[in-house]
2 protein chains.
Amino acid sequence: MERDLLGEDDVAALAGLAERVRELAGAAVLTGAGAEEAAAVADEVTALTARLTAKRRNAPPYAASGDIWTATLGEGRRIDRQVANPVTGHLNPIAPPVDLEVGSDGIVRGEFTLGAVYEGPPSYAHGGVSAMVLDQVLGMAAAATGTPGMTATLELRYRRPTPLGVPLQVEAKASRVEGRKVYAAGTIAAPDGRVTVEASAMFVMPRHFVTSQY
Amino acid sequence: MERDLLGEDDVAALAGLAERVRELAGAAVLTGAGAEEAAAVADEVTALTARLTAKRRNAPPYAASGDIWTATLGEGRRIDRQVANPVTGHLNPIAPPVDLEVGSDGIVRGEFTLGAVYEGPPSYAHGGVSAMVLDQVLGMAAAATGTPGMTATLELRYRRPTPLGVPLQVEAKASRVEGRKVYAAGTIAAPDGRVTVEASAMFVMPRHFVTSQY
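Reading the values: the criteria
Residues numbered from 1 in each chain as written. Chains lettered and ligands numbered in written order. Predicted model: local features only at pLDDT ≥ 70, side-chain atom pairs only at ≥ 80, totals over all residues. Heavy atoms only, no water. Helix = DSSP H or I, 4+ residues; strand = E, 2+ residues; numbered from the N terminus. Buried < 20%, exposed > 50% of the residue type's maximum accessible area, 1.4 Å probe, protein only. Patch = residues over 30% accessible without salt bridge, like charges linked within 9 Å, V, L, I, M, F, W, Y side chains within 5 Å. Areas by Shrake-Rupley, 256 points an atom, 1.4 Å probe, with all protein chains shown as cover. Salt bridge = Lys/Arg side-chain N within 4 Å of Asp/Glu carboxyl O. Lys, Arg positive; Asp, Glu negative; His and termini not counted. Charge placed at Lys NZ, Arg CZ, Asp CG, Glu CD. pLDDT = per-residue confidence, 0-100. Contact = heavy atoms within 4.5 Å. Least-squares fit on C-alpha atoms with pLDDT ≥ 70 in both. Phe/Tyr/Trp six-rings, centres within 6.5 Å; stacked < 30°, edge-to-face > 60°. Lys NZ or Arg CZ within 6 Å of the ring centre and 35° of its normal. Buried area = accessible area lost by both parts, 1.4 Å probe. Polar contact = N/O pair within 3.5 Å; in protein donor to acceptor, adjacent residues only side chain to side chain. Core = buried A, V, L, I, M, F, W, Y, C linked by side-chain atoms within 4.5 Å.

Moving on, we get to the environment of Leu138(A). Residues and elements named next belong to chain A. Summarising the element assignment, Leu138 is placed in helix H4 (residues 127–143). The exposure class assigned to Leu138 is buried, which follows from its relative accessible area of 0%. Separated by 102 residues in the primary sequence, Leu138 and Glu36 place their C-alpha atoms 45 Å from one another.

Below, the structure is given as structure tokens:
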């Protein structure tokens, strides 16, 4: 399937839209509006959806250039950014989104905050949300080795609850590459520095790798 | 923190709103709208968010009664439904949502379809999204034993890519209970019946369990 490649101006406008929809989703979970007002707002939302679907893509777009991966993987290999990724994508309203950077030490790091839409146990993040974030961050650490791949195994150890509404630190690093396999490990930590979730994973690069995957 | 308990009428109205916001999020990821139209729609979204936040809760609400858990765990124990859960919650726009039922055999089963907002590799679900769904389904299988708990460990094995846009089957069952620990396992399967992801997990019931957690 052919993917649209967006320039930075389009990305900025669509990221602004996604941010507003992200706020709306959070408001929908926390609203104390009565049934009548909720239904009235729902009707307005339907009209906005119609405006956005008047012209529609077949699949989420990618963004070209200006990319941390371009730097990490060298000039010779271009990997377009997956701007609608459900964890990191600024164009995706369901993404927190988590901003990640790859250090010269190969460690992928990011800070993020989870709101009410990610709640599992009262006032804590859903365990599956932590798993989703760690899958992405470990996958990016694997990709930073130059051997990006799809998740083959993912193991999570929950040490303590992950709080909502405060800045969380996530980091990951690849430990070794064996042919098309890459092993990586990482953690999420609370503001007090204590690790809440540990993860380790193995990623496998498909034989016919699509370079516009990440 | 005190939680609001909603009646079925409120749940229906707020679920309708969440469904519309879910559609808007999908449209935002796939829209081919230009920068000007995207910005105009974003402004309208901001106004709707303001309407919803005019009256606001401190935390996501729960719904009382009419609950599969009430039936499973017996009349003596009431566990309110977490209607804004990020996997199963009809009041949560980021939830697919996955509808689950507990069979008399103790197996939790559900069917769900993942749209573009959940994309990882092109045309397939993000590995972390499958992890998030399985954490929830295995957790509900654990809870069905009468010993609900928080995720302690979660292990995922990705057998093949999980396709977007088609009905997926998920199921899980608890294998054993050891004091406050419950072990469970489950799978996601594609429409052809082939398993795409396998999971096993261990859940631990907190010493002071909050009954309105699920």
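There's more to say after this.
Right, let's talk about a negative patch on the surface for a bit. Among the surface-exposed residues, Asp43(A), Glu44(A), Asp43(B) and Glu44(B) lie close enough to one another that they form a single negatively charged patch. Within the element layout of this structure, Asp43(A) appears in helix H2 (residues 35–53). Accessibility expressed as a relative area gives 57% for Asp43(A), which makes it exposed.

A few words now on the confidence of the model for chain A. All names here are of chain A. Looking at chain A, the pLDDT average stands at 90 and 88% of residues meet or exceed 70. Ignoring residues within four places in sequence, the model shows residues 66–72, a span with pLDDT below 50, making 16 contacts including any to other chains. This stretch, residues 210–214, has a pLDDT under 50; its non-local contacts, to residues over four places away or in other chains, come to 19 contacts. Of the two predicted TM-score estimates for the complex, the pTM is 0.93 and the ipTM is 0.93.

So, about the relation of the copies chain A and chain B. For the pair chain A and chain B, the best superposition has an RMSD of 0.0 Å and corresponds to a rotation of 180 degrees with a translation of 0.0 Å parallel to the axis. Classification of the inter-copy transformation places it as that of a two-fold axis. It is Glu155(A) whose C-alpha, among those of chain A, lies nearest the rotation axis, at 2.2 Å. A high fraction, 100%, of the interface residues of chain A reappear at the interface in chain B, so the copies pair face to face through one surface.

Time to look at the packing of aromatic side chains. Evaluation of the coordinates by the stated rule reveals 0 aromatic pairs over all chains. Between the NZ or CZ atom of Arg176(A) and the centre of the ring of Tyr183(A), over which it lies, the distance is 4.0 Å.

Further remarks concern the interface of chain A and chain B. Contacts between chain A and chain B engage 75 residues on the former and 75 residues on the latter. Carbon and sulfur atoms make up 67% of the area that chain A and chain B hide from each other, which totals about 6,800 Å². In this assembly, chain A and chain B are joined by 2 salt bridges. Among the salt bridges present, the one from Glu37(B) reaches Arg51(A), with a minimum N-O distance of 3.0 Å. Across the chain A-chain B interface, the total number found is 26 residue pairs in polar contact (both at pLDDT 80 or more). The set of elements that each furnish at least two residues to the side of chain A that touches chain B consists of helix H1 (8–30), H2, H4 and strand S5 (150–158) of chain A.

What follows deals with the side chain of Asn92(B). Inspection of the secondary structure puts Asn92(B) in the loop between helix H3 (68–73) and strand S3 (99–102). At a separation of 2.9 Å, a polar atom in the side chain of Asn92(B) contacts the main-chain amide nitrogen of Ile94(B). Excluding anything up to four places from it in sequence, Asn92(B) contacts Val29(A), Val117(A), Ala18(B), Arg22(B), Val83(B), Ala84(B), Asn85(B) and Pro86(B).

Before going further, it helps to examine the pattern of salt bridges. Scanning the entire structure with this criterion turns up 20 salt bridges over all chains. Here Arg20(B) makes a salt bridge to Glu19(B), at a shortest N to O gap of 3.7 Å. The class of Arg20(B) is partly exposed, set by a relative accessible area of 23%. Note that Arg194(B) is salt-bridged to Asp192(B), the shortest N-O span being 3.6 Å. For Arg194(B), a relative accessible area of 45% puts it in the partly exposed group. By relative accessible area, Asp192(B) is classed as exposed at 55%. What emerges from the salt-bridge pattern is a single network uniting Glu19(A), Arg20(A) and Glu23(A).

The next subject is the nonpolar core. Core analysis: the biggest nonpolar cluster contains 78 residues, and Leu156(A), Val170(A), Leu156(B) and Val170(B) have the highest contact counts within it. Apart from the residues within four sequence positions on either side, Leu156(B) is in contact with Ala152(A), Thr153(A), Leu154(A), Leu156(A), Ala131(B), Leu134(B), Val197(B), Glu198(B) and Ala199(B). Within the second largest apolar cluster, 42 residues are counted, among which are Ala33(A), Val41(A), Leu14(B) and Val41(B).

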